[in-house]
Amino acid sequence: MRALALDIGETRVGVAVSDPQGRIATPVCVLPAAEVSSVARSFRRVLEDWEPEVLVCGRPLTMAGEEGPQAERVRAVAERISAATGLPLEFEDERLSSAEAKRILREQGLSEKSMRGKVDMVAASLFLQAWLDARQVGPMV
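Scoring rules and cut-offs
- Residues numbered from 1 in each chain as written.
- Predicted model: local features only at pLDDT ≥ 70, side-chain atom pairs only at ≥ 80, totals over all residues.
- Heavy atoms only, no water.
- Helix = DSSP H or I, 4+ residues; strand = E, 2+ residues; numbered from the N terminus.
- Rg over C-alpha atoms; globule rule 2.2 N^0.38 Å.
- Contact = heavy atoms within 4.5 Å.
- Areas by Shrake-Rupley, 256 points an atom, 1.4 Å probe, with all protein chains shown as cover.
- Lys, Arg positive; Asp, Glu negative; His and termini not counted.
- Charge placed at Lys NZ, Arg CZ, Asp CG, Glu CD.
- Pairing = 2+ DSSP bridges.
- Axes fitted to C-alpha atoms, helices over the stretch in contact; angles between N-to-C directions.
- UniProt positions renumbered as here; feature names shortened; annotations may be inferred.
- Core = buried A, V, L, I, M, F, W, Y, C linked by side-chain atoms within 4.5 Å.
- Buried < 20%, exposed > 50% of the residue type's maximum accessible area, 1.4 Å probe, protein only.
- Arc of directions from axis to C-beta.

Let us look at the overall build of the chain. Secondary structure summary: the chain contains five helices and five strands in total. Beginning at the N terminus, the succession of helices and strands in the chain can be written as β-β-β-α-α-β-α-β-α-α. In summary, the chain has a C-alpha radius of gyration of 14 Å against a globular reference of 14 Å for 141 residues, a match within 12%. Considering only contacts within the chain whose residues lie at least 6 apart along the sequence, 63% involve residues at least 24 apart. Accessible surface, the chain: about 7600 Å² in total, of which carbon and sulfur atoms supply 52%. Distance between charge centres in the chain, computed from 18 positive and 21 negative side chains, equals 5 Å.

Structure, rendered in structure tokens:
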């Protein structure tokens, strides 16, 4: 089952997808938040290209594991996107995913400026991989 992950921010949305078997997450792109929330042509093209069966959105919890105002905003946007696309919606804890994404990009030699558009899609791939790993059943071949 192919999953599409969204790291929903106020300005940008990072997009990642899984392989068709639902084992490996890959960063895809970053889109303007307004285009994703309105399901504009650019986002519809992503949906057409990847044909996901489920939408996985990052859930920005506090370090104590509670939902704050940011999580409520993300949930509302995610629910609108789910309703507009007809895709079932799941959430995955995204705590520290952006910090981990920045660490990975820094290790690849990217400067703060050059990683600016990439952090969100890498963060989406990190929490999507956690979501996929939690659903693996049996030994991997």
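From this point on, the discussion continues.
As summarised here, the arrangement of the five strands in space is β3-β2-β1-β4-β5, forming an open sheet in which the pairing is mixed. Single-partner strands in this sheet number two, and they are β3 (25–32) and β5 (89–93). On average, adjacent strands in this sheet sit at an angle of 25 degrees to one another, irrespective of strand direction. Examined bridge by bridge, strand β1 (residues 3–8) and strand β2 (residues 12–18) share five bridges and lie antiparallel to one another. Across the sheet, Leu 4 pairs through a bridge with Val 17, a residue of β2. Of the strands in this sheet, β1, β2 and β3 are in contact with helix α2 (residues 41–50), which crosses β3 at around 160 degrees.

Here we come to the UniProt feature "domain: YqgF/RNase H-like" (unreviewed entry) in the chain. When the UniProt feature table is mapped onto this chain numbering, "domain: YqgF/RNase H-like" (unreviewed entry) sits at residues 1–101. Structurally, residues 1–101 comprises 37% helix and 32% strand, and the distance from its first C-alpha atom to its last is 25 Å.

Quick look at the nonpolar core now. Of all hydrophobic cores here, the largest spans 21 residues; its most connected members are Leu 4, Leu 6, Ile 8, Phe 43 and Ile 81. Listed by contribution, the elements that provide at least two residues to this core are β1, β2, β3, α1 (33–37), α2, β4 (54–59) and α3 (69–85). Counting residues per element, this core draws most heavily on α3, at four residues. Residues in contact with Phe 43, not counting those within four places in the same chain, are Leu 4, Leu 6, Leu 31, Glu 35, Val 36, Ile 81 and Thr 85. Core analysis: the second largest hydrophobic core is formed by 11 residues, Ala 16, Val 54, Trp 131 and Leu 132 among them.

The next subject is helix α4 (residues 97–107). Residues Ser 97, Ala 101 and Leu 105 constitute the buried set of α4. Burial along α4 is one-sided: seen end-on, the buried residues are contained in an arc of 70 degrees. On its buried face, α4 is in contact with α5 (119–135). In the stretch just after α4, Gly 109 is the one whose phi turns positive, near 90 degrees.

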